[in-house]
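Here is what each chain is made of, one letter per residue.
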Amino acid sequence: MPQLGVNIDHVATLRQARRGLEPDPVWAAVEAQVAGADGITLHLREDRRHIQDRDLRAMKDVVQVKLNLEMALADEIIEIALRTKPSQVTLVPEKRQEITTEGGLDVAGQEERVAAVTEKFKRAGIVVSLFIDPFEPQVAAAARCGAEAVELHTGRYAEAWGGAEQEATFAELAGAAQRAMGLGLICHAGHGLNYQNVGPVAEIPGIAELNIGHSIISRAVFVGLREAVREMKRLIQN
Ligand code: PXP
């Protein structure tokens, strides 16, 4: 059964709307843990649009489950990550104009750089996961780079949910997962997963971790974060 990593960036997005103190994503991390989250995921973006450096430092102190830092291949952020030592880093692409991480990291197009950064983190005892589109060349490149894990981008599947492409995008995901695990990679998935579409992904044999943010934080507005996390955990378990 996959573990649930709760992405709390969206709590910081709300706080940054007023550049104040509330709601505090660190409180959200505590609540999510109380509700049974197996991990806390946060993305320290170069533009600091939501999570701030202070948030990462505080998370490091209060998170007792897996702390998963999403980050771009940027020297400044790499240095911060090596200093902070989260349990895991997930390397993602970053574009200034995007609303959220739109596509996977092009590992195949920058293998040397990804391999070098992966090696740095591995030497520091930090697990490396590469956020990639569920395409064969990216899976193969991720394995060559020495990463322990890949996170398959579920955005295409989530967008296709309920439409003509649903089955095809799911088959693409399941196939990429099988290929990744066949190459010895631990397989995670995330992006756009919600209470409706999470079931089939959670059932892909061997999937180890699902990282989910927007849908959980959105539901939390109405039912509270503990209940929202518990409901998602229940769906993943069943
Ligand atoms: N995984 C990665 C690598 C992401 O970049 C994001 C979005 O920050 C997520 C998972 C969570 O996506 P969502 O907020 O759509 O659940």
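Structure: above.
The shown structure was predicted, so the numbers you read here are calculated from the model rather than taken from an experiment.

The rules behind each value
- Residues numbered from 1 in each chain as written.
- Predicted model: local features only at pLDDT ≥ 70, side-chain atom pairs only at ≥ 80, totals over all residues.
- Heavy atoms only, no water.
- Helix = DSSP H or I, 4+ residues; strand = E, 2+ residues; numbered from the N terminus.
- Expected span 1.5 Å × (residues − 1).
- Buried < 20%, exposed > 50% of the residue type's maximum accessible area, 1.4 Å probe, protein only.
- Contact = heavy atoms within 4.5 Å.
- Near = heavy atom within 4 Å.
- Polar contact = N/O pair within 3.5 Å; in protein donor to acceptor, adjacent residues only side chain to side chain.
- Areas by Shrake-Rupley, 256 points an atom, 1.4 Å probe, with all protein chains shown as cover.
- Nonpolar A, V, L, I, M, F, W, Y, C, P; charged D, E, K, R; others polar.
- 1 Å grid on protein atoms, 1.4 Å probe; cavity = no way out; pocket = protein on both sides within 12 Å on 5 of 7 lines; lining within 4 Å.
- Points joined across faces, edges and corners; volume = space filled by probe spheres on them.
- Pairing = 2+ DSSP bridges.
- Right-handed = clockwise from strand over helix to strand, strands pointing away.

A.B. asks: Can you help me understand helix α11 (residues 225–237) in this one?
C.D. replies: If you check α11, its first and last C-alpha atoms are 18 Å apart, about what 13 residues at 1.5 Å a residue would give, namely 18 Å. Leu225, Ala228, Val229, Glu231, Met232, Lys233 and Ile236 are the residues of α11 that are buried. Packing partners of the buried residues in α11 comprise β1 (3–7), α2 (25–34), α9 (198–202), β8 (209–212) and α10 (214–223).

A.B. asks: In this structure, what is going on with the site of the ligand? I would like to understand it.
C.D. replies: Around the ligand, 14 residues are found, and the nearest of them are Glu70, Glu151, Gly192, Gly213 and His214. A distance of 3.3 Å is found between an oxygen atom of the ligand and a side-chain nitrogen or oxygen belonging to Asn7. Taking Gly192, its main chain carries an N or O atom lying 2.8 Å from an oxygen atom of the ligand. A total of 400 Å² of accessible area belongs to the ligand in isolation, and the protein chains cover 95% of it. Split into classes, the residues belonging to the shell around the ligand amount to 3 nonpolar, 9 polar and 2 charged.

A.B. asks: In this structure, what is going on with the environment of Pro2? I would like to understand it.
C.D. replies: With respect to the helices, strands and loops of the structure, Pro2 is situated in the segment before β1. Through-space distance from the C-alpha of Pro2 to that of Asn211 is 9.9 Å; in sequence the pair is 209 residues apart. Those residues within four positions of Pro2 in sequence are excluded, and the remaining contacts are Ala202, Ile207, Ala208, Glu209, Leu210 and Ile236.

A.B. asks: How do you make sense of empty space enclosed by the protein when you look at a structure like this?
C.D. replies: By rolling a water-sized probe across the atoms, one finds the places where empty space is left. Applying the stated criterion across every chain, the model contains 1 cavity of 30 Å³ or more. Considering only enclosed or pocket space, the largest cavity measures out at about 50 Å³ in volume. For the largest cavity, the full set of lining residues is Gln3, Leu4, Gly5, Asp38, Gly39, Ile40, Thr41, Lys66, Asn68, Glu209 and Asn211. Elements represented by at least two residues in the lining of the largest cavity include exactly β1, β2 (39–43), β3 (66–71) and β8. Each residue belonging to the lining of the largest cavity can be placed in one class, and the counts come to 2 nonpolar, 6 polar and 3 charged.

A.B. asks: Explain the pairing of strand β5 (residues 127–132) here, please?
C.D. replies: Two faces, one strand: in a regular strand the side chains alternate between the faces of the sheet. Counting buried positions over the 6 residues of β5 gives 5, a clear majority of the element. Inspection of the sheet shows strand β4 (residues 88–91) paired to β5 by 4 bridges, in the parallel sense. Looking at β5, one finds that Leu91 is bridged to Leu130. Considered for its hand, the β-α-β crossover made up of β5, helix α6 (residues 136–144) and strand β6 (residues 149–153) is right-handed.

Worth remembering: the numbers are spatial, not functional.
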